[in-house]
Amino acid sequence: MTIPFPIKPMEPITFAEPFDSLEYLFQVKWDGVRCLAYTLETGTRLFNRKLNERTRQYPEIVESLDKLPRGIILDGEIITLGQDMKPNFRRVLKRDLAKNSMKISQLIERIPVYYMVFDIVYYANKNIADRPLTQRQEILEKVLCQNPIVKAVDSVLYKGVSLFNAVKNEKLEGIIAKRLDGPYIFGEKTSYWRKIKVWQELIAVIGGYSTKMGEIRSLLVGLFNQSDNLLYYIGNASSGVSHNQWLVLQQHFERCTDKPVKTPFVNPPRKPRGEEYHWVKPELCLKLEYTEWTEDFRLRNPKVIDFANQGDGSSGWFFKNK
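Residues numbered from 1 in each chain as written. Predicted model: local features only at pLDDT ≥ 70, side-chain atom pairs only at ≥ 80, totals over all residues. Heavy atoms only, no water.

For the rest of this paragraph, the subject is the confidence of the model for the chain. Interpreting fine coordinate detail is not advised for predicted regions of low pLDDT. Summing up the model confidence of the chain, the mean pLDDT is 89 and the portion of residues at 70 or higher is 95%. The least confident element of the chain is helix α7 (residues 318-321), whose mean pLDDT is 38; the most confident is strand β2 (residues 20-28), at 98. Ignoring residues within four places in sequence, the model shows residues 311-322, a span with pLDDT below 50, making 23 contacts including any to other chains. (pLDDT = per-residue confidence, 0-100. Helix = DSSP H or I, 4+ residues; strand = E, 2+ residues; numbered from the N terminus. Contact = heavy atoms within 4.5 Å.)

This part takes up the layout of surface pockets. Taken as a whole, the largest pocket encloses approximately 570 Å³ of empty space. Lining the largest pocket are 27 residues; nearest its centre among them are Lys29, Gly32, Arg34, Arg49 and Glu77. Sorting the residues of the lining of the largest pocket by element identifies β1 (11-14), β2, β3 (33-40), α2 (89-96), β10 (174-179) and β11 (189-197) as the ones contributing at least two each. Grouping the amino acids of the lining of the largest pocket by side-chain chemistry returns ten nonpolar, four polar and 13 charged. Within this model, the second largest pocket holds a volume of roughly 400 Å³. Lining the second largest pocket are 20 residues, and of these Asp84, Pro87, Lys171, Glu292 and Trp293 lie nearest its centre. Residue assignment for the lining of the second largest pocket shows that the elements contributing at least two residues are α2 and β17 (292-293). (1 Å grid on protein atoms, 1.4 Å probe; cavity = no way out; pocket = protein on both sides within 12 Å on 5 of 7 lines; lining within 4 Å. Points joined across faces, edges and corners; volume = space filled by probe spheres on them. Nonpolar A, V, L, I, M, F, W, Y, C, P; charged D, E, K, R; others polar.)

What follows is about the sheet that holds β10. Strand order in this open sheet of five strands is β1-β11-β10-β2-β9, and the pairing throughout is mixed. In this open sheet, the two strands that pair with only one neighbour each are β1 and β9 (156-159). The sheet shows a mean angle of 45° between the axes of neighbouring strands, taken without regard to direction. Examined bridge by bridge, β2 and β9 share three bridges and lie antiparallel to one another. Bridging from a neighbouring strand, Asp20 pairs with Lys159 of β9. Docked against the sheet, helix α5 (residues 160-169) engages β2, β9, β10 and β11, running at close to 25° with respect to β2. (Pairing = 2+ DSSP bridges. Axes fitted to C-alpha atoms, helices over the stretch in contact; angles between N-to-C directions.)

This is the structure in structure tokens:
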């Protein structure tokens, strides 16, 4: 029997809170590029979740996987570590998007990668996806020998809360809860796996907003640097704002008669095609939650929690006052 490829991986649902359960194991959610590895008779090949081949981009991983038996499909994340020795998604993208052979060879030295394997769905040319997760994990442990590049993801039984707290303290992305008796369902998002993200919070300042066809699309937010008191752009925020809040914001911006002509940001963002940027006096703050900082000082997955007037904590939150 020949193993099929490429196939779409199974995806987790998003779950709000960590939990403990005798029916689950828990794993760190590695912040990398999702890849399925196929050990074919003709050689190992890698495909991402969008079914695009990535074999050329990671020759050192392919070389390590070529030592495994043929007829296997592994599922995992390709990661790289930043200077803080934590997974760095922006950095691994430089490897993933490289096309030129010379560039790929140069990046092997500059950006070392690791393949963090968390599941096996084909073994000895047989589909084992319908077997319980516990059985697949046992097979995976036998298949993966010690290797500096290809590693099996560690699992914690039953105690999801303590693992989540440890991940949160390390400022990692989150955890995945997986049912011990769960099958692997190709190409589907299923509750057998639950993704629980770590969110961090901060207070940012609105320095502008973007519009498309007259409607506000997002808020341009930044932070003041205490050393020079300049406003630095850190991202666009739109998630978490209700329709009524957008209307209140639009009315507020329209009432402002002293709108600056120039950007208040020392590092203004590039304007997307079809959108217009409008600058405002940086006096309205918003509380954001986000997953992490990128290498270029941007927030990943910012979500608005609430709004406030800058330096006016006693007056309460913006929408509560209005």
